[in-house]
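Each chain, written out:
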There are 2 protein chains.
Amino acid sequence: MSDYKIVEIKEDITSRNNLFAKEIKKELKERKIFYMNVMASPGSGKTTLITNLINRLKKDYRIGVIEADIDSDVDADSIAKNTGVKTIQMHTGGACHITCQMSYEALNALGMDDLDVIILENIGNLVCPAEFDTGATCKLVLLSVPEGDDKPLKYPLMFQVANAVAITKTDISHVFDFDVSKAEKNVHMRNPKIPFFVTSATENKGIDELEQYLRSEINKVLA
Amino acid sequence: MSDYKIVEIKEDITSRNNLFAKEIKKELKERKIFYMNVMASPGSGKTTLITNLINRLKKDYRIGVIEADIDSDVDADSIAKNTGVKTIQMHTGGACHITCQMSYEALNALGMDDLDVIILENIGNLVCPAEFDTGATCKLVLLSVPEGDDKPLKYPLMFQVANAVAITKTDISHVFDFDVSKAEKNVHMRNPKIPFFVTSATENKGIDELEQYLRSEINKVLA
């Protein structure tokens, strides 16, 4: 143990209005729509993984995508180009997360009438989006190899609220000091029974398992 | 251009109290302390770069470090062990950024009497910390190669408020599709005249240039 002291500095965080969350969930259930909120750090491979999954699932389900960013439309452009599914780009005007209200506006802007699965690619941020229920059926959290296996220790809430965790970019594991078993241990410390996937979207590794998990979860909603 | 629409969904973001910022800056100026706020995504190499810089600067300046995290003390442990300088771990109790008030509490907890340089390693987050002035003399923003060269497009404010930007982890550029000249163009689109460094802390590339820049900035404060 090295020589340093730990100072606890806390501040109240005002929870925003999550009143809509239950109502969104109820409406989606009635409409038989599976709504997945994908959360991760900036540059963790969200768009690449989502693209891969959509191209596996789109023959069986009608899919729509909401791309949330503070600015730019590079992700919506990429998703629309590489999957052909209905996609909208949401700009949050500086906001670091998506609230229920924003989520609901985006769902309506996308249109829910002809969709089975809606995927929200949240703002790249391991902190704030964890605090805001968007009304999603499933929260998929990604952790990329370059970020390091210690992230569940530093960003506890994100891994606590997740329904499933996928490690991404394992194809470049050879250049990083990333220990998958440590990452799994750290994730399960935060969320003991959570499904844990080890993937590379560019090399199609571990995506079969994640796809099977999602099909099973989607089918529960569509049944 | 692919087929998708852009929906502008805005929400007011309440600015927290930044009243202390000017007072902190005034006090630090009087005390002749250079206070650097290092901001970046989770896992972007903040701790490794800070460690390298401290080991170059510590023979000439008295340095202290404030490690800010939501939870864990892995970074404070690493900094204390690998540099030997005075280090404190600040826990933010879930907060996604450091406010002036938290910054000032931490500066006092660290102790300012015997220091020339104080480095704050902020929460890993490209969004919220950009909005909160901590009273720092200099804001150094890092962007790591695995995150991608498009990040200044998606996270504009962070690159607008920065005083200097360093690309990190260039030693593993060969496994990523990262274009340094595109990154530079994107950074300078947000902040035209900002100093831009291309570094690898593990291979000591580009760190001489960043060190020289910091020495020059530090010496302005100590003069």
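Residues numbered from 1 in each chain as written. Chains lettered and ligands numbered in written order. Predicted model: local features only at pLDDT ≥ 70, side-chain atom pairs only at ≥ 80, totals over all residues. Heavy atoms only, no water.

A. How the structure looks around the environment of Ser173(A). Mapping Ser173(A) onto the fold places it in the loop between β7 (164-168) and α7 (180-190). Each C-alpha atom, one on Ser173(A) and one on Val145(A), is 6.4 Å from the other, the two residues being 28 residues apart in sequence. (Helix = DSSP H or I, 4+ residues; strand = E, 2+ residues; numbered from the N terminus.)

B. The arrangement of the pattern of salt bridges in detail. All names here are of chain B. Applying the stated criterion across every chain, the model contains 33 salt bridges over all chains. Its salt-bridge partner being Asp-208, residue Arg-56 comes within 2.8 Å of it at the nearest N-O pair. In this pair, Arg-56 is assigned in helix α2 (residues 46-57) and Asp-208 in helix α8 (residues 207-222), connecting sequence segments 152 residues apart. What makes Asp-208 partly exposed here is its relative accessible area of 44%. When the shortest N-O distance is used, the salt bridge between Lys-86 and Asp-114 registers 3.3 Å. Taken together, the residues span a long stretch of sequence, with Lys-86 in strand β4 (residues 86-91) and Asp-114 in the loop between α4 (100-110) and β5 (117-121) at a distance of 28 residues. (Salt bridge = Lys/Arg side-chain N within 4 Å of Asp/Glu carboxyl O. Buried < 20%, exposed > 50% of the residue type's maximum accessible area, 1.4 Å probe, protein only.)

C. Up close: the packing of helix α1 (residues 20-31) of chain B against α4(B). Residues and elements named next belong to chain B. Where α1 contacts α4, the two axes come as close as 9 Å, and the packing angle between them is 30°. On the basis of the axis angle, α1 is roughly parallel to α4. Considering the relative orientation of α1 and α4, their crossing is left-handed. Here Phe-20, Ala-21, Ile-24 and Glu-27 of α1 lie close against α4, whose contacting residues are Cys-100, Gln-101, Ser-103, Tyr-104 and Leu-107. (Axes fitted to C-alpha atoms, helices over the stretch in contact; angles between N-to-C directions. Parallel < 35°, antiparallel > 145°, perpendicular 65-115°, else oblique. Left-handed = near helix turned anticlockwise from the far one by under 90°. Contact = heavy atoms within 4.5 Å.)

D. The pairing of strand β7 (residues 164-168) of chain B, seen in detail. Residue and element names in this part refer to chain B. Among the five residues of β7, five are classified as buried, and the element is accordingly described as predominantly covered. Side chains of β7 alternate between two faces, with Ala-164, Ala-166 and Thr-168 and Val-165 and Ile-167 buried alike. Running through helix α7 (residues 180-190), the crossover from β7 to the neighbouring parallel element strand β8 (residues 196-198) is right-handed. (Right-handed = clockwise from strand over helix to strand, strands pointing away.)

E. Structural detail: the pairing of strand β3 (residues 63-69) of chain A. Residues and elements named next belong to chain A. Counting buried positions over the seven residues of β3 gives seven, a clear majority of the element. Taking every second residue as pointing to the same face, both faces of β3 are buried, with Ile-63, Val-65, Glu-67 and Asp-69 on one and Gly-64, Ile-66 and Ala-68 on the other. When β3 meets strand β5 (residues 117-121), the two strands line up parallel, connected through five bridges. By the bridge assignment, Gly-64 is partnered in β5 with Ile-118. (Pairing = 2+ DSSP bridges.)

F. Region of the structure containing the nonpolar core. Formed by 93 residues in total, the largest nonpolar core has its most connected members in Ile66(A), Ile118(A), Ile66(B) and Ile118(B). Beyond its immediate chain neighbours, meaning those up to four positions away, Ile66(A) contacts Tyr35(A), Ile88(A), Met90(A), Ala106(A), Leu107(A), Leu110(A), Ile118(A), Ile119(A), Leu120(A) and Glu121(A). (Core = buried A, V, L, I, M, F, W, Y, C linked by side-chain atoms within 4.5 Å.)

G. Just the packing of helix α2 (residues 46-57) of chain A against helix α8 (residues 207-222) of chain A, in detail. Residue and element names in this part refer to chain A. Relative to each other, α2 and α8 sit at 65°, their axes nearing to 11 Å. Handedness of the α2/α8 crossing: right-handed. Judged by residue contacts, Leu-49, Asn-52, Leu-53, Arg-56 and Leu-57 of α2 engage Ile-207, Asp-208, Leu-210, Glu-211, Leu-214, Arg-215 and Ile-218 from α8. Its residues assigned to classes, the contact of α2 with α8 shows seven nonpolar, one polar and four charged. (Nonpolar A, V, L, I, M, F, W, Y, C, P; charged D, E, K, R; others polar.)

H. Spotlight on the state of the cysteines. Per the stated rule, a full pass over the model turns up zero disulfides over all chains. Left without a disulfide partner, Cys96(B) is nearest to the cysteine sulfur of Cys128(A), which lies 3.4 Å away. (Disulfide = S-S within 2.5 Å.)

I. Focus on empty space enclosed by the protein. Considering all chains together, one arrives at one cavity of 30 Å³ or more under this definition. In this model, the largest cavity occupies a volume close to 40 Å³. If you trace the largest cavity, you find it lined by Pro42(A), Gly43(A), Ser144(A), Pro146(A), Glu147(A), Gly43(B), Ser144(B), Pro146(B), Glu147(B) and Lys169(B). Across the lining of the largest cavity, the residue classes tally to three nonpolar, four polar and three charged. (1 Å grid on protein atoms, 1.4 Å probe; cavity = no way out; pocket = protein on both sides within 12 Å on 5 of 7 lines; lining within 4 Å. Points joined across faces, edges and corners; volume = space filled by probe spheres on them.)

J. Looking closely at unusual backbone geometry. At Lys169(A), a residue that is not glycine, the phi angle is positive and equals roughly 60°. Locating Lys169(A) in the fold gives a position in the loop between β7 and α7. On the basis of relative accessible area, Lys169(A) is assigned to the buried category, the value being 15%. At Asn204(B), a residue that is not glycine, the phi angle is positive and equals roughly 55°.

K. Structural context of the confidence of the model for chain A. Residues and elements named next belong to chain A. Mean pLDDT over chain A: 92, with 91% of residues reaching 70 or higher. Considering only residues more than four positions removed or in separate chains, one finds that residues 9-17, a stretch of pLDDT under 50, has 26 contacts. Reported confidence for the predicted complex is 0.85 by ipTM and 0.89 by pTM. (pLDDT = per-residue confidence, 0-100.)

L. Layout of the environment of Ala76(B). By secondary structure assignment, the location of Ala76(B) is in helix α3 (residues 74-83). In sequence terms Ala76(B) and Lys59(B) are 17 residues apart; their C-alpha atoms lie 20 Å from each other.

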